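For reference, the chains in residue letters:
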Amino acid sequence: MDAEVGVIGLGTVGSMTLWQLSRQGVSAVGFEQFGIGHDYSAAGGESRIFRTAYGEGLEYVPLMLESYRLWRELEEESGNKLLHLTGGLMIGNTGTPFMDNVLKSIERFGLDHEVLDQEQAKKRFPQHHLLQGEIMVLDTLAGGLRPELAVVSAVKQAEKLGAAVHSHSRVERIEPSGTGVKVIANGKTYQFGKVVISTGPWTGAFLPEYKPQIAVKRLAMGWFAAKDIRKFQSDRFPVYIRESGEDKFYGTPTFEGSMVKAAFYINYGIIDNPDGLNRTIMPDDIQLLRNAVQKYLPDLYPDPVRASVYMDGFTPDEHALVGAIDDEKHIILLGGFSGHGFKMATGIGKIASDLIMEGKTSFEVDHLSPKRFHKMNA
Ligand SMILES: Cc1cc2nc3c(=O)[nH]c(=O)nc-3n(C[C@H](O)[C@H](O)[C@H](O)COP(=O)(O)OP(=O)(O)OC[C@H]3O[C@@H](n4cnc5c(N)ncnc54)[C@H](O)[C@@H]3O)c2cc1C
């Protein structure tokens, strides 16, 4: 046996799982096909939004609060600042499922917040051009995470605690063996008691039976120059998500002092093979970003000064797949985070280590069962 657990893919959730396992004293080996902290996949672009009042569903709130606690612990252990609290604005019309869930999360869990009607919102955050009837909800426990540094911090901490890491090592396949699982990589066969598959957009390529359930979407982000950058500093311009009709738009304040990040939640194309992701920004990508910035953030110049392309795996209901996928419970899948998985990665790492060590977790994960679509198809 090479170790108790093998973790395949050390991106967002794999890195946090390796860290959590190592903290619990579980021997673990991680495999990553690229370098640690690379930006060729779902993580990258300097920031990811953290928020707790959760438009995607109230059931996530305890996971967000646990993830927050763990982000702070990772900062303490690594000495790196990873989460910058700026507050988070949820912008839209009341009555949409997203805003309803935000308000219900606040009520159910007593989250610290402010509701701003249109007049108050315009006065306090004039950088956003509001459409008729739109309001803002300020979630106090929200801000920007540093994705590359977070992944590197977790992997380095895991290594300090005894984990072995094989970077630039693509796992070719796994094979169940009587007592656990064999992992084939680097022309070698490794033997583990259990494995975690956290291969992000490559999950469908690695586990073809999950390909129909995880569509890989190409996603672009832009960084814009401001007419007055002081208006976009973190004390005046919180991270935000807005749903204005069909448009779903999000962004952060300037973290490095000269550019403001903004992006659209839209489908820039489904990718059949993640190895072939087109990372070049195309004229259509620019046009979408320009239009959105012109419409919603008139104090930014609409031509991005920088733009980059990433990808993420999306399930049909946009909730991830988290749990064992074999009868023996030797193989744990963490995949399909559907454009909103970064903030919860520390908590997901904890859930994965609970599932491995105890076969269960105290967190609500029924809605994330990897088998739920099998049931639908049956
Ligand atoms: C543009 C964009 C903006 C986003 N904004 C936010 C946000 O603001 N807030 C938020 O919470 N979430 C956000 N998300 C979503 C979040 O970033 C993703 O859901 C999350 O990063 C997915 O994590 P993952 O571990 O599944 O995938 P990844 O981080 O991509 O990790 C998968 C890893 O597995 C490796 N791998 C794959 N196959 C193999 C193999 N065979 N052998 C070895 N290694 C392998 C890959 O190289 C990669 O490192 C955003 C996503 C995108 C793309």
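About the cut-offs
- Residues numbered from 1 in each chain as written.
- Predicted model: local features only at pLDDT ≥ 70, side-chain atom pairs only at ≥ 80, totals over all residues.
- Heavy atoms only, no water.
- UniProt positions renumbered as here; feature names shortened; annotations may be inferred.
- 1 Å grid on protein atoms, 1.4 Å probe; cavity = no way out; pocket = protein on both sides within 12 Å on 5 of 7 lines; lining within 4 Å.
- Points joined across faces, edges and corners; volume = space filled by probe spheres on them.
- Nonpolar A, V, L, I, M, F, W, Y, C, P; charged D, E, K, R; others polar.
- Near = heavy atom within 4 Å.
- Polar contact = N/O pair within 3.5 Å; in protein donor to acceptor, adjacent residues only side chain to side chain.
- Areas by Shrake-Rupley, 256 points an atom, 1.4 Å probe, with all protein chains shown as cover.
- Helix = DSSP H or I, 4+ residues; strand = E, 2+ residues; numbered from the N terminus.

- Under an unreviewed UniProt entry, the name given to the protein chain is N-methyl-L-tryptophan oxidase, and the source organism is Siminovitchia acidinfaciens.
- Quoted verbatim from the Cofactor (unreviewed entry) heading of the UniProt record, the comment on the protein chain is "FAD".

### Observations concerning empty space enclosed by the protein
Here is step 1: In the structure shown here, the tally under the stated rule is one cavity of 30 Å³ or more.
Here is step 2: Approximately 70 Å³ is the volume found for the largest cavity.
Here is step 3: If you go around the largest cavity, the residues you meet are G45, E46, S47, R146, W223, T252, P253, F255, E256, M259, V260 and K261.
Here is step 4: Counted by class, the lining of the largest cavity contains five nonpolar, three polar and four charged residues.

### Some words on the site of the ligand
Here is step 1: The environment of the ligand is made up of 34 residues, and the closest members are T12, E32, S41, D312 and K343.
Here is step 2: The contact in question runs from an oxygen atom of the ligand to an N or O atom on the side chain of Q33, over 2.9 Å.
Here is step 3: G339 has a polar backbone atom sitting 3.3 Å from a nitrogen atom of the ligand.
Here is step 4: Alone, the ligand offers 1,000 Å² of accessible surface; in the complex the protein occludes 98% of this.
Here is step 5: Broken down by secondary-structure element, the contributors of at least two residues to the shell around the ligand are α1 (12–23), β3 (48–50), β13 (215–224) and β18 (306–314).
Here is step 6: For the shell around the ligand, the leading source of residues is β18, giving three residues.
Here is step 7: Class assignment for the residues of the shell around the ligand results in 16 nonpolar, 13 polar and five charged.

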